[in-house]
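Structural characterization, general
What follows is the residue order along each chain.
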Amino acid sequence: MNTFKNFFASRLGIISAGVFVGIFAPLLQKWGNPGNMGICVACMERDIAGALGLHRAAVVQYIRPEIIGFVLGALIAALLFKEFRPRGGSSPLIRFFLGFFAMIGALVFLGCPWRALLRLAGGDGNAILGLLGLIAGIWIGVLFLKSGYSLGRSQKEKIFSGWVFPIAMIALFLLLIFSPQFGRTPEGQPTGPIFFSQKGPGSQHAPILISLLIGLCVGFLAQRTRLCTMGAIRDVILIRSTHLLSGVLGIVIAAFFVNLILGQFKAGFSNQPIAHTNHLWNFLGMTLAGLAFALAGGCPGRQLFLSGEGDGDAGIFATGMIVGAGFSHNFSMASSPSGPGAYGPIAVIIGLLFCIVIGFTMREKLT
Amino acid sequence: MGERIDARGLSCPQPVLLTLNEMKKVNKGEIVILVDTDTSKENVSRAATTQGWNVKSIEPEGIGYRITVSKE
């Protein structure tokens, strides 16, 4: 067990986890997931929000098994390696809204940091603007961290509290399998409570078991190696450490080659799958997301893996993201391939102001 | 017995930041860091090594670990 533990904590370990993601994300596309969206935590949580009827954008509704797998894979790893540690209570409401606004920013860009990397590896030039925005947001977050920003300490919690989020994921899986329908409108449209897209990105998905299995493996590996796309950039800026970055580079390089082999690489800015070419809002959307991730201490994937090991604060952040996705579409803040939504830009500005207020006001004398 | 940092309950990257700040302050000697997750344990040990400090011992304490780092 210790040999495994040491391997996963090593640089080779985290590169292996990154390469695993880089190989299987493009394959998930080949097996049915939407373009450059083999894995995208934000988009997939948005699809889940839609499937639950939290928004009614008919083209992005599906309960993505990858998300369920991320949490449960991390849970399995944490239990096996005795790292399952229920904890919480570090400014939960603030974390909820950081998740909320992170999602709004991510949906203005159309992707989380993972998808930004995968879009880059698929030749989508717009991803460069998103990644630059992400770096800018994290850089602002680092300034706050350096000046004593903290959401405070978490406390040990009772065992069951750590199980709540994983059990919610199992419930989601059951809803996916049984997809209950309570009736139809006079026009013949299903009334829910579960909605699955008939066309558009939400209707494109790999077979359930394949998605779940890959999700479980990613969750397991990422829990062990602490893979985090936000942390990768933050650590380079803050402590000049390239440990996490090597995992991220593993994702990009592996995904690039797998895309080439599968014929999925297409370089350019226009007509990229589920992307728009508005440089300013690609940049600023991800600036908001990056700042929110930095203030919350992890990218959306990392928040799911932490939720699996019992971190209730991370679970609150992920819940905030799902609720944020509902608002994002209901309030016309999410982008579409034709460009930013009507209220996306103003929402990004409000989100940035929120994060900046949090950054300035949450300080703690720790020593 | 050197300086003592209580990083328990703090999320990434604060345990590392506190450790690095303390290292800058004392420059050499011994620092004891208390952490409560394996992630923090790995991050603090890794940061200490890259700064040229020696990880002397890691012992379980309570629900977490007591890490002792030193530099001559």
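Structure shown above.
Our subject in this report is the structure included herewith. (Residues numbered from 1 in each chain as written. Chains lettered and ligands numbered in written order. Predicted model: local features only at pLDDT ≥ 70, side-chain atom pairs only at ≥ 80, totals over all residues. Heavy atoms only, no water.)

1. Considerations on the overall build of chain B
- A count of helices and strands for chain B gives 2 helices and 4 strands.
- Counting from the amino terminus, chain B carries its helices and strands in the arrangement β-α-β-α-β-β.
- Taking the principal axes of the C-alpha coordinates as reference, chain B spans close to 30 × 20 × 15 Å.
- Taking all 72 residues of chain B together, the buried fraction comes to 54%.
- Look at the contacts in chain B between residues 6 or more apart in sequence, and 62% of them connect residues 24 or more apart.
- About 3400 Å² of surface is accessible on chain B, with carbon and sulfur atoms providing 47% of the total. (Helix = DSSP H or I, 4+ residues; strand = E, 2+ residues; numbered from the N terminus. Buried < 20%, exposed > 50% of the residue type's maximum accessible area, 1.4 Å probe, protein only. Contact = heavy atoms within 4.5 Å. Areas by Shrake-Rupley, 256 points an atom, 1.4 Å probe, with all protein chains shown as cover.)

2. A look at helix α9 (residues 208-225) of chain A
All names here are of chain A.
- Here α9 spans 26 Å end to end across 18 residues, near enough to the 26 Å set by a 1.5 Å rise per residue.
- Turning to α9, its buried residues number three or more, namely Ser211, Leu212, Ile214, Gly215, Val218, Gly219, Leu221, Ala222, Gln223, Arg224 and Thr225.
- Count one or two residues on from α9 and you reach Arg226, which has phi positive near 65°. (Expected span 1.5 Å × (residues − 1).)

3. Section: the nonpolar core
- Formed by 123 residues in total, the largest nonpolar core has its most connected members in Ile39, Leu98, Trp114 and Val218 of chain A together with Ile33 of chain B.
- With 11 residues, helix α5 (residues 92-109) of chain A is the single largest residue contributor to this core.
- In this structure, Ile33 of chain B is in contact with Ile5, Ala7, Thr19, Val44, Tyr65, Arg66, Ile67 and Val69 of chain B, ignoring residues within four places of it in sequence. (Core = buried A, V, L, I, M, F, W, Y, C linked by side-chain atoms within 4.5 Å.)

4. Things to note about the state of the cysteines
Residue and element names in this part refer to chain A.
- Inspection of the entire model under this criterion finds 1 disulfide over all chains.
- Covalent S-S linkage joins Cys40 and Cys43, the inter-sulfur distance amounting to 2.3 Å. The sign of the 70° torsion about the S-S bond sets the Cys40-Cys43 disulfide as right-handed.
- With no disulfide of its own, Cys112 has Cys40 as its nearest cysteine by sulfur position, at a separation of 3.9 Å.
- Classification of Cys112 as buried rests on a relative accessible area of 0%.
- Looking at the unpaired Cys217, the closest cysteine sulfur is the one in Cys299, lying at 18 Å. (Disulfide = S-S within 2.5 Å.)

5. Points about the interface of chain B and chain A
- The interface of chain B with chain A comprises 20 residues on the first partner and 23 residues on the second.
- Taken together, both faces of the contact between chain B and chain A bury some 1900 Å²; the carbon and sulfur share is 53%.
- In this structure, the connection of chain B to chain A is made through 4 salt bridges.
- The partner of Glu42 of chain B in a salt bridge is Arg226 of chain A, and the shortest N-O contact between them spans 2.8 Å.
- At the boundary of chain B and chain A, one finds 10 residue pairs in polar contact (both at pLDDT 80 or more).
- Elements with a minimum of two residues in the side of chain B that touches chain A: α1 (14-26) and α2 (38-50) of chain B.
- For the side of chain B that touches chain A, the per-class residue count stands at 9 nonpolar, 5 polar and 6 charged. (Buried area = accessible area lost by both parts, 1.4 Å probe. Salt bridge = Lys/Arg side-chain N within 4 Å of Asp/Glu carboxyl O. Polar contact = N/O pair within 3.5 Å; in protein donor to acceptor, adjacent residues only side chain to side chain. Nonpolar A, V, L, I, M, F, W, Y, C, P; charged D, E, K, R; others polar.)

6. Brief notes about the packing of aromatic side chains
All names here are of chain A.
- Scanning the entire structure with this criterion turns up 21 aromatic pairs over all chains.
- Between Phe8 and Phe81, the aromatic rings sit 6.5 Å apart at their centres with planes inclined by 80°, giving edge-to-face as the arrangement. With Phe8 in helix α1 (residues 2-9) and Phe81 in the loop between α4 (65-80) and β1 (87-88), this pair connects stretches of sequence that are 73 residues apart. Here Phe8 matches Phe81 in class, with each residue buried.
- Taken together, the aromatic side chains of Phe96, Phe97, Phe100, Phe101, Phe327, Phe331 and Phe354 make up a single cluster linked through ring pairs.
- For the cation-ring pair, Arg119 lies above Phe109, with the distance from its terminal atom to the ring centre recorded as 4.3 Å.
- Above the ring of Phe81, the side-chain terminus of Arg224 is found at 3.9 Å from the ring centroid. (Phe/Tyr/Trp six-rings, centres within 6.5 Å; stacked < 30°, edge-to-face > 60°. Lys NZ or Arg CZ within 6 Å of the ring centre and 35° of its normal.)

7. Observations regarding helix α2 (residues 11-30) of chain A
Residues and elements named next belong to chain A.
- Taking 1.5 Å as the rise per residue, α2 with 20 residues should run 28 Å; its terminal C-alpha atoms sit 29 Å apart, in good agreement.
- Here α2 has its buried residues at Gly13, Ile14, Ala17, Gly18, Phe20, Val21, Gly22, Ala25, Pro26, Leu27, Leu28 and Gln29.
- Backbone geometry just after α2 places Gly32 at a positive phi near 140°.

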